[in-house]
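The chain contents come next:
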Amino acid sequence: MRGVLAFALAAAAAPLAHGELRVVDDAGAQITLVAPARRIVSLAPHATELLVAAGAGGLVVGVVDGSNHPAQARALPVIGDARAIDVERIVALHPDLVVTWPYTSPAQVGKLAARGIAVFTTDPRTIDGIAADIERLGTLAGTAPVAAQSARRFRDTLAHATAAAVGRSRIRVFYQIWAEPIYTIGGRHLISQAIVACGGENVFASLVLPAPQVSVEAVIAARPEAIVAGADAAARPPWLDHWLRWRDVPAVRHQQLHTVDADRLHRPGPRFADGVAELCAAIDQARPAAQARAARDRR
């Protein structure tokens with residue numbers, strides 16, 4: 001099945017016989033270029049990272065605010081942010097490809113498309129979709145061999161990180177994005193998929209919104225066996241320790257409060273696999289206490 005999927009993705013992103021390059025993006029739109037892109041504008045921080053991983057970093061001529069990785073992205077012209085972009089300035093950069101995502105000012109992005117600029121939307125719905133986006137962007141930039149290597153590294157890192165979880169019992173995980181108010185992730189979020197891949201169970205998987213707000217009472221009632229906070233550079237946020245007052249929560253009682261790097265795990269880019277590795281390590285630490293409690297419950 002895996003080989004069939006890889007073949008289908010390669011076929012969908014292959015150069016056409018007459019020299020055109022054609023891919024289908026995550027919004028289902030077909031993007032066609034008569035030649036590899038040479039000037040690219042990135043309208044999302046994770047899109048910038050995808051382009052660099054695809055071997056097209058040197059072709060990026062403009063980015064949005066927040067594009068802080070890799071380091072060279074910080075020196076590129078900033079042409080707006082997620083709320084608003086400078087359409088005229090982007091046009092003046094003469095891009096032959098714009099890479100965006102659905103949350104960056106769609107009406108303004110539509111104006112770019114109306115001017116005949118090719119627009120690729122990256123919004124992967126699965127973890128492997130991140131690797132697929134790297135490959136598609138490599139096709140559009142004419143850097144397919146580099147992109148293939150990056151996609152392979154991504155998949156290998158992911159497989160290695162999640163291998164230990166195969167066949168193990170599930171750990172109930174509460175993933176926290178923010179504290180006031182409390183935000184978590186719903187069942188359709190890529191991080192929720194990562195929790196499952198790591199042998200966990202998102203206690204709020206039944207929620208449909210990508211980042212729903214929940215109450216303290218709801219978290220306590222969910223009885224997570226691990227609480228994981230996403231924070232900049234994996235620095236333990238002060239609000240994580242707010243849970244210490246709730247000793248009846250298994251994660252608190254067994255001291256299973258963990259932090260992962262939000263910059264990796266909150267972006268659907270090439271570093272997401274490294275974020276999954278951090279997440280799996282946190283869940284693995286919580287497993288012995290959870291298994292011991294389950295054994296006591298069975299007695």
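Quantities reported herein were computed from a predicted structural model and do not represent experimental measurements.

Conventions adopted
Residues numbered from 1 in each chain as written. Predicted model: local features only at pLDDT ≥ 70, side-chain atom pairs only at ≥ 80, totals over all residues. Heavy atoms only, no water. Helix = DSSP H or I, 4+ residues; strand = E, 2+ residues; numbered from the N terminus. Contact = heavy atoms within 4.5 Å. Buried < 20%, exposed > 50% of the residue type's maximum accessible area, 1.4 Å probe, protein only. pLDDT = per-residue confidence, 0-100. Pairing = 2+ DSSP bridges. Axes fitted to C-alpha atoms, helices over the stretch in contact; angles between N-to-C directions. 1 Å grid on protein atoms, 1.4 Å probe; cavity = no way out; pocket = protein on both sides within 12 Å on 5 of 7 lines; lining within 4 Å. Points joined across faces, edges and corners; volume = space filled by probe spheres on them. Nonpolar A, V, L, I, M, F, W, Y, C, P; charged D, E, K, R; others polar. Disulfide = S-S within 2.5 Å.

As a further point, take the environment of Pro268. Among the secondary structure elements, Pro268 is positioned in the loop between helix 10 (262-265) and helix 11 (272-298). C-alpha of Pro268 to C-alpha of Ala82: the two residues are 186 residues apart in sequence and 15 Å apart in space. Setting aside chain neighbours within four positions, we find Pro268 in contact with His46, Leu50, Pro124, Ile130 and Leu190.

Turning next to unusual backbone geometry. A cis geometry characterises the amide bond from His69 onward to Pro70, with omega recorded as -10°. Within the fold, Pro70 resides in the loop between strand 4 (60-62) and helix 3 (87-92). Residue Pro181 is bonded to the preceding Glu180 through a cis peptide linkage, with omega at 0°. Looking at the secondary structure, you find Pro181 in the loop between strand 7 (171-176) and strand 8 (182-183). Even without being a glycine, Arg223 presents a positive backbone phi close to 50°. Within the fold, Arg223 resides in the loop between helix 8 (216-222) and strand 11 (226-231). Here Arg223 falls in the partly exposed class, since its relative accessible area comes to 36%.

With that out of the way, let us pick up the confidence of the model for the protein chain. With 91% of its residues at a pLDDT of at least 70, the protein chain reaches an overall mean of 91. Confidence drops under pLDDT 50 across residues 1-17; counting only partners more than four residues distant or on other chains, this segment forms 17 contacts.

With that settled, the discussion passes to the sheet that holds strand 6 (residues 119-121). The strand order across the open sheet formed by 4 strands is 4-3-5-6, and the pairing between neighbours is parallel. Each edge of the open sheet is held by one strand with a lone partner, namely strand 4 and strand 6. Averaged over all adjacent pairs, the angle separating strand axes in this sheet is 30°, with direction ignored. On top of the sheet, helix 2 (residues 45-53) reaches strand 3 (40-42), strand 4 and strand 5 (97-100); it is set at about 140° to strand 3, its chief contact.

In this structure, the largest pocket spans a volume of roughly 840 Å³. Taken together, 28 residues form the lining of the largest pocket, with Trp101, Tyr103, Asp123, His189 and Pro210 sitting closest to its centre. Where the lining of the largest pocket is concerned, the elements lending two or more residues are helix 2 and helix 7 (190-197). Residue composition of the lining of the largest pocket, grouped by class: 17 nonpolar, 5 polar and 6 charged.

On to the state of the cysteines. As enumerated under the stated definition, the model contains 1 disulfide in all. One disulfide in the model links Cys198 with Cys280; its S-S distance is 2.0 Å. Taking the torsion about the S-S bond as the criterion, the Cys198 to Cys280 disulfide, at about -80°, is left-handed. Of this pair, Cys198 sits in the loop between helix 7 and strand 9 (200-202) while Cys280 is found in helix 11, placing the two residues 82 residues apart along the sequence.

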